[in-house]
Amino acid sequence: GKNFADDVARKGIALVRDTEKVLPLDKEKTKRLLLWFAVQETDKVEETYRTLIDGFKARCAEVVIRTNGNCLDLLKLEDAGENFDAVFFVFDVHIALTQVCRPRGAQMECLWTLANTTRHHPIAVGVNSPYLLMDSPTLPTLVNTHSGGEAIFKALPEVLFGEVPFTAQSPVRFPDLVGVDETL
């Protein structure tokens, strides 16, 4: 039942890379969080990710939510004086037999946004696909959930805040990609 799904979700979230050592988050130091959704369907963000949003709100004093946008949007927020204790970009890239499983359009803009920051260390989260590293092999911090849904969105903040350890390994290896560690 529900406990089994929660357990599987917690054990299925993988820390693919954390070169800047930003994870797990410290609950005492993470008061203001930016949660940025890189999605194809923008009209259902609050509904689709309610459990994830609520999980972050339960752990942080303030959660600012953004969806898609321009690749310079984070830099513009920084230039305007905005500061966050943690920045997450949630890439929900669905695998489908009839299309390539890659970020496209607004999702690709968000991938470029990760490189356009001067003060923050964005954490990329791949939902429903383990292949985000293929499109951005220099991502400093990447977590893959491998699927979506209530159990995953409940477990993700638990794992990111260190309440539950990362135990999963990525099912995808990237030794042939230029710029990607062969240890992945």
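Every residue gets a number counted from 1 within its own chain, in the order that chain's sequence is written. Only residues with pLDDT of 70 or above have their local features reported here, since the model is predicted, and side-chain atom pairs are shown and tallied only from 80 upward, although totals for entire chains, interfaces and linings are computed over all residues. Remark: hydrogens and water are excluded; side-chain values derive from all non-hydrogen atoms of the structure.

A word on the overall build of the protein chain
Argument step 1. From N to C terminus, the protein chain includes seven helices and six strands.
Argument step 2. Strands here are runs of E lasting at least two residues and helices are runs of H or I lasting at least four, both read from the DSSP assignment and numbered beginning at the N terminus. Reading the protein chain from its N end, one meets helices and strands in the order α-β-β-α-α-β-α-β-α-β-α-β-α.
Argument step 3. Considering the protein chain as a whole, with its 184 residues, one finds that 47% of them fall into the buried category.
Argument step 4. Note on definitions: a residue-residue contact is assigned when non-hydrogen atoms from the two residues lie within 4.5 Å. Considering only contacts within the protein chain whose residues lie at least 6 apart along the sequence, 75% involve residues at least 24 apart.
Argument step 5. Here the accessible surface of atoms and residues is derived via Shrake-Rupley with a 1.4 Å probe, and residues count as covered only by protein chains that are part of the display. Just so you have it, the protein chain exposes about 9200 Å², and 52% of that area is on carbon and sulfur atoms. Think of it in three bands: with a 1.4 Å probe and only protein chains considered, a residue is buried below 20% of the maximum accessible area for its type, exposed above 50%, and partly exposed in between.

Remarks on the sheet that holds strand β3 (residues 62–67)
Argument step 1. Sheet architecture is open: six strands sit in the order β1-β6-β5-β4-β2-β3, paired in mixed fashion. Edge positions in the sheet fall to β1 (14–18) and β3, since each has one partner strand and no second. This sheet shows a mean twist of 20° between the axes of neighbouring strands, independent of strand direction.
Argument step 2. Bridge analysis of strand β2 (residues 32–38) against β3 gives six bridges, and the strand direction is parallel. The partner of F37 across the bridge, within β3, is T67.
Argument step 3. Taken strand by strand, helix α3 (residues 50–57) contacts β2, β3 and β4 (86–92), and its axis lies near 165° from that of β2.
Argument step 4. On the sheet, helix α5 (residues 106–113) packs against β2 and β4 and is oriented at approximately 150° with respect to β4. Paired strands are those between which DSSP finds at least two bridges. The convention used is that axes are lines fitted to C-alpha atoms, helices contributing only their stretch in contact, and that angles between N-to-C directions extend from 0 to 180 degrees.

A look at the nonpolar core
Argument step 1. Each nonpolar core is a collection of buried residues, namely Ala, Val, Leu, Ile, Met, Phe, Trp, Tyr and Cys, held together in the definition by side-chain atoms within 4.5 Å. By size, the foremost hydrophobic cluster in this structure holds 31 residues, and its most contacted members are L33, L35, F37, F56 and F88.
Argument step 2. Those elements giving two or more residues to this core turn out to be β2, α3, β4, β5 (123–127) and α7 (150–160).
Argument step 3. Sorting elements by how many residues they give to this core places α7 first, with seven residues.
Argument step 4. In terms of nonpolar packing, the next biggest core, distinct from the first, is built from 21 residues, F84, F91, L114 and L139 among them.

Topic: the pattern of salt bridges
Argument step 1. Whenever a carboxyl oxygen of Asp or Glu lies within 4 Å of a side-chain nitrogen of Lys or Arg, that contact is scored as a salt bridge. Summed over the entire model, instances satisfying the criterion amount to nine salt bridges.
Argument step 2. Close ionic contact of K27 with E163 constitutes a salt bridge, the shortest N to O distance being 3.7 Å. Within this pair, whereas K27 is found in the loop between β1 and β2, its partner E163 is found in the segment after α7, the two being separated by 136 residues in sequence.
Argument step 3. The closest approach of N and O atoms between R59 and E163, which form a salt bridge, is 2.8 Å. With R59 in the loop between α3 and β3 and E163 in the segment after α7, this residue pair connects regions lying 104 residues apart in the sequence.
Argument step 4. The class for E163 is partly exposed, based on a relative accessible area of 38%.

Observations concerning α3
Every α-helix winds through 3.6 residues per turn, so residues three or four apart in the chain are directed the same way.
Argument step 1. For α3, the complete set of buried residues consists of T51, L52, I53, G55 and F56.
Argument step 2. Buried residues belonging to α3 abut β2, α2 (45–48), β3, β4 and α7.

Comments concerning the pairing of β4
Argument step 1. Across the seven residues of β4, seven count as buried, placing the element largely inside the fold.
Argument step 2. Inspection of the sheet shows β2 paired to β4 by six bridges, in the parallel sense. Bridge pairing in β4 places A38 opposite F91.
Argument step 3. Summarising the sheet, β4 and β5 pair through five bridges and their orientation is parallel. From the neighbouring strand, V90 faces β5, where its bridge partner is V125.

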